[in-house]
Amino acid sequence: MTDLPPLREVIARHGLSASKALGQNFLFDEQLLDRIAAIPGDLTDKAVLEIGPGPGGLTRALLRAGARVTAIEMDTRCLPALAELSEAFPGQLRVIEGDALKMDHAELMGEPFAVVANLPYNVGTALFTDWLSAEHWPPHWTSLTLMFQQEVAQRIVAKHGSGTYGRLAVLAQWRSSAKLAMKVHRSAFTPPPKVMSAIVHVEPGTMPTGVDPKLLSRVTEAAFGQRRKMLRQSLKGLPGALDALDKVGIEPTRRAETLSVDEFVTLAKTLGG
Ligand code: SAM
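Residues numbered from 1 in each chain as written. Predicted model: local features only at pLDDT ≥ 70, side-chain atom pairs only at ≥ 80, totals over all residues. Heavy atoms only, no water.

1. Things to note about the overall build of the protein
Reasoning step 1: Counting its regular elements, the protein contains 12 helices and nine strands.
Reasoning step 2: The dimensions of the protein, computed from C-alpha atoms along their principal axes, are 65 × 40 × 30 Å.
Reasoning step 3: Per-residue burial over the protein gives 46% buried out of 273 residues.
Reasoning step 4: Considering only contacts in the protein between residues 6 or more positions apart, those separated by 24 or more positions represent 66%.
Reasoning step 5: For the protein, the exposed area adds up to about 13100 Å²; of that, 52% sits on carbon and sulfur atoms.
Reasoning step 6: Taken together, the 30 basic and 29 acidic charged side chains of the protein have centroids lying 9 Å from each other. (Helix = DSSP H or I, 4+ residues; strand = E, 2+ residues; numbered from the N terminus. Buried < 20%, exposed > 50% of the residue type's maximum accessible area, 1.4 Å probe, protein only. Contact = heavy atoms within 4.5 Å. Areas by Shrake-Rupley, 256 points an atom, 1.4 Å probe, with all protein chains shown as cover. Lys, Arg positive; Asp, Glu negative; His and termini not counted. Charge placed at Lys NZ, Arg CZ, Asp CG, Glu CD.)

Written as structure tokens, this is what we have:
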């Protein structure tokens, strides 16, 4: 295994104090980082997209696992430290400077890729919903392994009937499987964030036929927009929705959070059909 200097030393040498504005909370525990890099399975020679490598803790773990990593980082202060990693793992790491929110990831990668990232929470959620809303299915990504606030992670994997079940759960589960892979204590980060974190792992599944993703999104938006109301009230503004409820045999007196992901899919399909 390549002998690398401890991450704390790299940070001190390159003056990489964590920037609050960039949502920087770094992970230093190499064992924890290796466990995170193992979540997507064997990465030997696999293409991995890492967004926000920072000083490169998770990047090292991915490289040790044998991945070919493309890392997008917008903080130019981190580039020299990442260049050192490129040298230590020749031909395995490509670093791209810039804002990942403004890039076409499929074009950048040019082959199927796994995503592994510990991102600022707002950036992570924006990218996550983008990746899940991909027009082409199966998408260009083969899996998403992402750190979130624990509360958001729970919303992503929530099942119907629970208070955390909502639009995000339906989006993450209607054509993918989503699981909570690991909880990460706030003390694992430097500086520690205010809340606990958790890693979610998503793999694409089969897309149900005959469902317009935009229509599904409109149904869940209306239903969960008034989640305490009965469906006959919350879906009133959506043309044809009440008839569709009747057709598929969903009681209009039910509330959004009692509908399974499959029921939402059936409803959208009927509404569009
Ligand atoms: N991955 C490192 C780790 O686990 O220690 C750093 C994690 S830190 C929470 C998030 C990183 O994402 C920071 O280095 C930050 O500069 C970078 N970042 C934030 N927004 C970004 C964006 N839109 N595009 C690319 N990188 C971004």
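2. A short note on the nonpolar core
Reasoning step 1: Core analysis: the biggest nonpolar cluster contains 34 residues, and I36, V48, L62 and V69 have the highest contact counts within it.
Reasoning step 2: Excluding residues within four positions of it along the chain, V69 makes contact with V48, E50, T59, L62, L63, Q92, L93 and R94.
Reasoning step 3: The next biggest cluster of nonpolar side chains, apart from the first, holds 30 residues, and it includes I72, F113, W131 and L144. (Core = buried A, V, L, I, M, F, W, Y, C linked by side-chain atoms within 4.5 Å.)

3. With respect to the domain arrangement of the protein
When the parts of a complex come together, some accessible area is lost, and that lost area is often taken as the interface size.
Reasoning step 1: In terms of domain boundaries, the protein breaks down into domain 1 (7-204) and domain 2 (213-272).
Reasoning step 2: Domain 1 puts 11 residues into the contact, and the matching count from domain 2 is 15 residues.
Reasoning step 3: The junction of domain 1 with domain 2 conceals about 1100 Å² of combined surface from both sides, 65% of it contributed by carbon and sulfur atoms.
Reasoning step 4: Here domain 1 and domain 2 share zero salt bridges between them.
Reasoning step 5: If you look at where domain 1 meets domain 2, you find seven residue pairs in polar contact (both at pLDDT 80 or more). (Domains from an automatic or database assignment. Buried area = accessible area lost by both parts, 1.4 Å probe. Salt bridge = Lys/Arg side-chain N within 4 Å of Asp/Glu carboxyl O. Polar contact = N/O pair within 3.5 Å; in protein donor to acceptor, adjacent residues only side chain to side chain.)

4. Re the site of the ligand
Reasoning step 1: Lining the immediate surroundings of the ligand are 20 residues, of which L27, G52, E73, D99 and N118 lie closest.
Reasoning step 2: Within the backbone of G52, a nitrogen or oxygen atom sits 2.8 Å from a nitrogen atom of the ligand.
Reasoning step 3: Notes on the ligand: free accessible area 600 Å², of which the protein chains cover 98%.
Reasoning step 4: With respect to the pocket detection grid, the ligand is positioned in the largest pocket.
Reasoning step 5: Elements with a contribution of two residues or more to the shell around the ligand: β1 (26-27) and β3 (68-73).
Reasoning step 6: Within the shell around the ligand, the residues separate by chemical class into nine nonpolar, seven polar and four charged. (Near = heavy atom within 4 Å. 1 Å grid on protein atoms, 1.4 Å probe; cavity = no way out; pocket = protein on both sides within 12 Å on 5 of 7 lines; lining within 4 Å. Sits in = over half its atoms within 2 Å of the grid points. Nonpolar A, V, L, I, M, F, W, Y, C, P; charged D, E, K, R; others polar.)

5. Focus: the pattern of salt bridges
Reasoning step 1: Scanning the entire structure with this criterion turns up 11 salt bridges.
Reasoning step 2: The residue R60 makes a salt bridge to E30 at a minimum N-O spacing of 2.8 Å. Here R60 is found in helix α3 (residues 57-64), whereas its partner E30 is found in helix α2 (residues 30-38), with 30 residues between them in sequence.
Reasoning step 3: E30 gets classed as partly exposed once you look at its relative accessible area, which sits at 24%.
Reasoning step 4: Taking the shortest distance from any N to any O, the salt bridge between R77 and D75 comes out at 2.9 Å.
Reasoning step 5: Overall, D75 belongs to the buried group, its relative accessible area being 6%.
Reasoning step 6: A single network of salt bridges, built from pairs that share partners, joins E30, D34, R60 and R64.

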